[in-house]
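So you can see what is in the structure, the chains are spelled out below.
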Amino acid sequence: MPENSPHLLRVADLPNRKTTHFSLAPDKSARKVIAEELGLISLRKLTFKGDLRPTGKKDWLLTADLGASVVQNCVVTLEPVKTRIDTTITRRFLSEMVLPDEAETEMPEDDSVEPLGDSIDLEAVMIESLSIELPDYPRASSAEVQTANFTEPGKQAMTDDDAKPFAVLASLREKLDKS
């Protein structure tokens, strides 16, 4: 990634008393690369517009509007599902953020906080934000989930109601109440 790229902002070059405005709108070939990276059928539109302002002596606040039109496979029928995403993204880049050395750590309560490095990659923030906002299980309006029961021949299949532990207790209680 070239250092003079408009989406890669060197922190040392940012004015520390003024807001820096930005606007990203990847072209068709860039959207195709992003769509492949995120496992999308297509990414028809993508915009990321906002500002980066200094907070305190060394920290930065990014606020941006993310807009996208995506097409994903339905999780049930594999039909294309169109989704429109319009949301506001907030990231706080902290210069004094201490990262734990442990291999496993818990997620912080505030997931908008990130450590401040030498530069802020607006394109990376845009793609990460888009991936977070994508529907996890896109479903076509015509998709119907049907019940499928699998078991050995000669045995009765277990149903969803059988798997509910309190359903058995409720039926036992009903039997006791009747007697």
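Our structure's up above, just so we're on the same page.
Note that the structure is predicted; figures quoted are calculated from it, not measured.

Please clarify how the environment of valine 113 should be interpreted in this entry.
Looking at the secondary structure, you find valine 113 in strand E6 (residues 113–115). Taking the C-alpha atoms as reference points, valine 113 and leucine 61, separated by 52 residues in sequence, lie 9.3 Å from one another.

Explain helix H2 (residues 122–133) to me, please; I cannot follow it from the model alone.
Here H2 is 12 residues long and its end C-alpha atoms lie 16 Å apart, about the 16 Å a rise of 1.5 Å per residue gives. Every buried residue belonging to H2 is among Leu122, Val125, Met126, Ile127, Ser129 and Leu130, and all of these are buried.

Looking at this structure, I do not really get the packing of aromatic side chains. What am I missing?
Two measures describe an aromatic ring pair: the distance that separates the ring centres and the angle between the ring planes. This model, assessed by the stated rule, comprises one aromatic pair. Taken together, a centroid distance of 5.6 Å and an interplanar angle of 40° make the contact between phenylalanine 22 and phenylalanine 48 tilted. In this pair, phenylalanine 22 is assigned in strand E2 (residues 20–24) and phenylalanine 48 in strand E3 (residues 42–55), connecting sequence segments 26 residues apart. Assigned by exposure class, phenylalanine 22 and phenylalanine 48 land together as buried.

I would appreciate a short explanation of the packing of helix H1 (residues 28–38) against H2 in the present structure.
Helix packing for two helices is described by the angle between their axes and how far apart those axes are. Across the interface, H1 lies against H2 with an axial gap of 11 Å and an inter-helix angle of 50°. By the angle class used here, H1 and H2 are oblique. As for how H1 packs across H2, the hand of that crossing is right-handed. Listed contacts from H2 to Ile34, Glu37 and Leu38 of H1 are Met126, Ile127, Leu130 and Ser131. Taken together, the residues of the contact of H1 with H2 break down into five nonpolar, one polar and one charged.

Please explain the pattern of salt bridges as it appears in this structure.
Scanning all chains against the criterion turns up five salt bridges. Its salt-bridge partner being glutamate 114, residue arginine 91 comes within 3.0 Å of it at the nearest N-O pair. In this pair, arginine 91 is assigned in strand E5 (residues 80–94) and glutamate 114 in strand E6, connecting sequence segments 23 residues apart. Overall, the relative accessible area of 9% leaves arginine 91 in the buried class. Here arginine 91 ties to glutamate 128 by a salt bridge, and the two come within 3.3 Å at their closest N and O atoms. With arginine 91 in strand E5 and glutamate 128 in helix H2, this residue pair connects regions lying 37 residues apart in the sequence. Each of Arg91, Glu114 and Glu128 takes part in one network of salt bridges that share partners.

Parameters and conventions
- Residues numbered from 1 in each chain as written.
- Predicted model: local features only at pLDDT ≥ 70, side-chain atom pairs only at ≥ 80, totals over all residues.
- Heavy atoms only, no water.
- Helix = DSSP H or I, 4+ residues; strand = E, 2+ residues; numbered from the N terminus.
- Expected span 1.5 Å × (residues − 1).
- Buried < 20%, exposed > 50% of the residue type's maximum accessible area, 1.4 Å probe, protein only.
- Phe/Tyr/Trp six-rings, centres within 6.5 Å; stacked < 30°, edge-to-face > 60°.
- Axes fitted to C-alpha atoms, helices over the stretch in contact; angles between N-to-C directions.
- Parallel < 35°, antiparallel > 145°, perpendicular 65-115°, else oblique.
- Left-handed = near helix turned anticlockwise from the far one by under 90°.
- Contact = heavy atoms within 4.5 Å.
- Nonpolar A, V, L, I, M, F, W, Y, C, P; charged D, E, K, R; others polar.
- Salt bridge = Lys/Arg side-chain N within 4 Å of Asp/Glu carboxyl O.

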